[in-house]
Amino acid sequence: MPRLAKSRLSPAITIRRSLTPALCALLALIAAPRPARADHPAVGFGSGIAGPIITIPAYTLPAGKWAASARVEHISFRTFSDSELVALAEKGTEAHSTRNVTGPSLSVAYGVNRSFTLAARLPYVVRQDIREGHLEGTTAVAHHHGDSRGWGDVTLTGQFLVFDRERLKVAALTGVKSPTGRTGVTDSEGERLETEHQPGSGSFDFLEGVSGSARVPFGSLDANLLWVLATHGAQETTLGNLVNYNVAVSTKVSGAHEHHHAPGTPPHHDPTVVGADLIHELNGESRARERIGGITNPNSGGNLVYLSPGARFGHESWSFTLSAGFPIVQDVNGTQHETDWRLLGGFGMSF
């Protein structure tokens with residue numbers, strides 16, 4: 001019999017900041033993660049000069065400025081084989097396994113004033129090769145559900161700049177995820193998939209957090225902490241509260257030297273020069289166990305931390321980003337598949 005993994009969890013994601021005060025503040029808000037359990041892409045988007053890709057920085061958009069972004073995230077899992085699922089089912093554990101999840105998303109943000117940015121994010125979620133081990137009578141089988149795809153839940157977020165100095169900024173984050181996503185996806189036999197495998201959660205979830213950004217001799221240092229309170233959703237399921245925590249170090253490696261247009265604005269570069277930044281991040285999330293019909297699922301939730309090297313290319317009003325993620329901590333509850341790696345890329349622009 002193959003060796004059974006203790007538990008293998010899925011990740012969460014985000015991005016943020018690029019090469020102008022506008023892009024530099026491309027939302028910490030759009031980044032707001034949604035409290036889905038395993039196999040849900042994380043969230044967040046951003047862009048900025050020598051700024052993070054996933055970590056939420058403290059910069060807000062200038063008053064009257066718009067920023068828009070598109071990104072795609074792909075997460076690959078160390079799946080259970082059919083024989084492992086059957087063996088688990090024979091022992092009374094109905095484990096799930098998903099080969100990968102892909103999450104393209106669109107985001108838009110607006111600078112209401114210099115201290116407040118409002119943003120919205122719309123994801124599309126695709127899960128491939130969803131399988132489950134369970135008992136049919138007295139016989140354990142591996143049931144192939146196939147794929148799940150559809151629009152996810154819209155997240156609205158606000159970022160308030162509460163401390164503003166030239167080299168240090170702190171912002172408060174708040175938001176809500178609305179139950180706009182699809183929750184009725186069925187498999188090839190017409191069986192409705194569990195909520196954790198649906199594109200949407202069917203719940204209103206509330207976000208609160210804080211982010212900070214500092215200019216340092218080697219570039220920039222950014223960090224954020226974000227809490228997501230999950231409420232009761234589709235199929236009597238509460239997917240579990242989430243704590244998202246990130247830290248990033250960013251360094252410029254090519255392009256014009258930084259300069260400021262006005263005191264307190266993020267530094268940026270000559271708009272005619274294309275620059276490149278190297279970014280190294282630690283991205284973590286801690287998820288509570290989910291509850292279905294008032295019963296806690298022991299095989300859900302846990303803690304996951306990525307080491308995420310990445311790069312950004314662009315200039316004053318646009319940027320491309322690319323980041324890879326490699327789990328260095330996977331401390332999960334019960335029996336779940338583990339995350340293998342994550343890759344995300346995006347494009348952002350301001351106007």
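Residues numbered from 1 in each chain as written. Predicted model: local features only at pLDDT ≥ 70, side-chain atom pairs only at ≥ 80, totals over all residues. Heavy atoms only, no water.

A. Geometry of the side chain of S201. Along the polypeptide, S201 turns up in the loop between β6 (168–177) and β7 (205–216). We classify S201 as buried; its relative accessible area is 5%. A distance of 2.9 Å separates polar atoms of two side chains, one belonging to S201 and the other to S203. Excluding its chain neighbours within four sequence positions, the residues that come into contact with S201 are D153, K177, T183, T195, G233, A234 and L239. (Helix = DSSP H or I, 4+ residues; strand = E, 2+ residues; numbered from the N terminus. Buried < 20%, exposed > 50% of the residue type's maximum accessible area, 1.4 Å probe, protein only. Polar contact = N/O pair within 3.5 Å; in protein donor to acceptor, adjacent residues only side chain to side chain. Contact = heavy atoms within 4.5 Å.)

B. Up close: the sheet that holds strand β12 (residues 291–292). Pairing is antiparallel in the open sheet, where 3 strands are placed in the order β9-β12-β13. Lying at the two open borders of the sheet, with one neighbouring strand each, are β9 (237–238) and β13 (295–296). Sheet analysis places β9 next to β12, joined by 2 bridges and oriented antiparallel. Paired with T237 across the bridge in β12 is I292. (Pairing = 2+ DSSP bridges.)

C. Quick look at a nonpolar patch on the surface. A grouping of F218, L221, V247, V249, L282, L307, I328 and V329 is seen on the molecular surface, where their side chains present a nonpolar patch of about 610 Å² in accessible area. When you line up the elements, V247 lands in strand β10 (residues 242–254). (Patch = residues over 30% accessible without salt bridge, like charges linked within 9 Å, V, L, I, M, F, W, Y side chains within 5 Å. Areas by Shrake-Rupley, 256 points an atom, 1.4 Å probe, with all protein chains shown as cover. Salt bridge = Lys/Arg side-chain N within 4 Å of Asp/Glu carboxyl O.)

D. Representation of the environment of T183 in the model. With respect to the secondary-structure elements, T183 resides in the loop between β6 and β7. With 13 residues separating them in the primary sequence, T183 and E196 have C-alpha atoms 9.5 Å apart. Residue contacts for T183: discarding those within four places in its chain leaves R192, Q198, G200, S201, G202, A234 and Q235.

E. Fine view of the confidence of the model for the chain. Within the chain, residue pLDDT values average 84, and 80% of them lie at 70 or more. For residues 1–50, every residue scores under 50 in pLDDT, and the model assigns this stretch 317 contacts once sequence neighbours within four places are set aside. For residues 259–264, every residue scores under 50 in pLDDT, and the model assigns this stretch 13 contacts once sequence neighbours within four places are set aside. (pLDDT = per-residue confidence, 0-100.)

F. Local environment of the packing of aromatic side chains. Using the criterion set out here, one finds 5 aromatic pairs in the structure. An angle of 85° between the planes, with centres 5.1 Å apart, marks the rings of Y124 and W151 as edge-to-face. Taken as a pair, Y124 in strand β3 (residues 116–136) and W151 in strand β4 (residues 139–151) lie far apart in primary sequence, 27 residues in all. Overall, Y124 belongs to the partly exposed group, its relative accessible area being 24%. On the accessibility criterion, W151 (46% relative accessible area) is partly exposed. Members of the aromatic cluster, connected to one another through ring pairs, are W318, F320 and F347. (Phe/Tyr/Trp six-rings, centres within 6.5 Å; stacked < 30°, edge-to-face > 60°.)

G. Representation of the pairing of strand β11 (residues 275–287). Relative to β11, β10 runs antiparallel, the two sharing 12 bridges. In the strand pairing of β11, V247 is matched with L282. Of the pairings in the sheet, the one linking β11 to strand β14 (residues 302–315) comprises 13 bridges and is antiparallel in character. Residue pairing across strands places G275 opposite G314, the latter belonging to β14.

H. Quick look at the environment of T138. Mapped onto the elements, T138 comes out in the loop between β3 and β4. Here the alpha-carbon distance between T138 and E90, two residues 48 residues apart in the chain, equals 8.7 Å.

I. Structural view of the environment of S286. Tracing the backbone through its elements, the reader meets S286 in strand β11. For S286, a relative accessible area of 31% puts it in the partly exposed group. Through-space distance from the C-alpha of S286 to that of G240 is 9.9 Å; in sequence the pair is 46 residues apart. Other than its neighbours up to four places away in sequence, S286 contacts N241, L242, V243, Y245, G302 and N303.

J. Expanded view of the pattern of salt bridges. As enumerated under the stated definition, the model contains 12 salt bridges in all. The partner of E73 in a salt bridge is R71, with the nearest N and O atoms 3.2 Å apart. The burial state of E73 is the same as that of R71; both residues are buried. The residue D82 makes a salt bridge to R131 at a minimum N-O spacing of 2.6 Å. In this pair, D82 sits in helix α2 (residues 82–90) while R131 sits in strand β3, placing the two residues 49 residues apart along the sequence. We classify R131 as buried; its relative accessible area is 5%. One continuous salt-bridge network, built from bridges that share partners, spans R78, E338 and D340.

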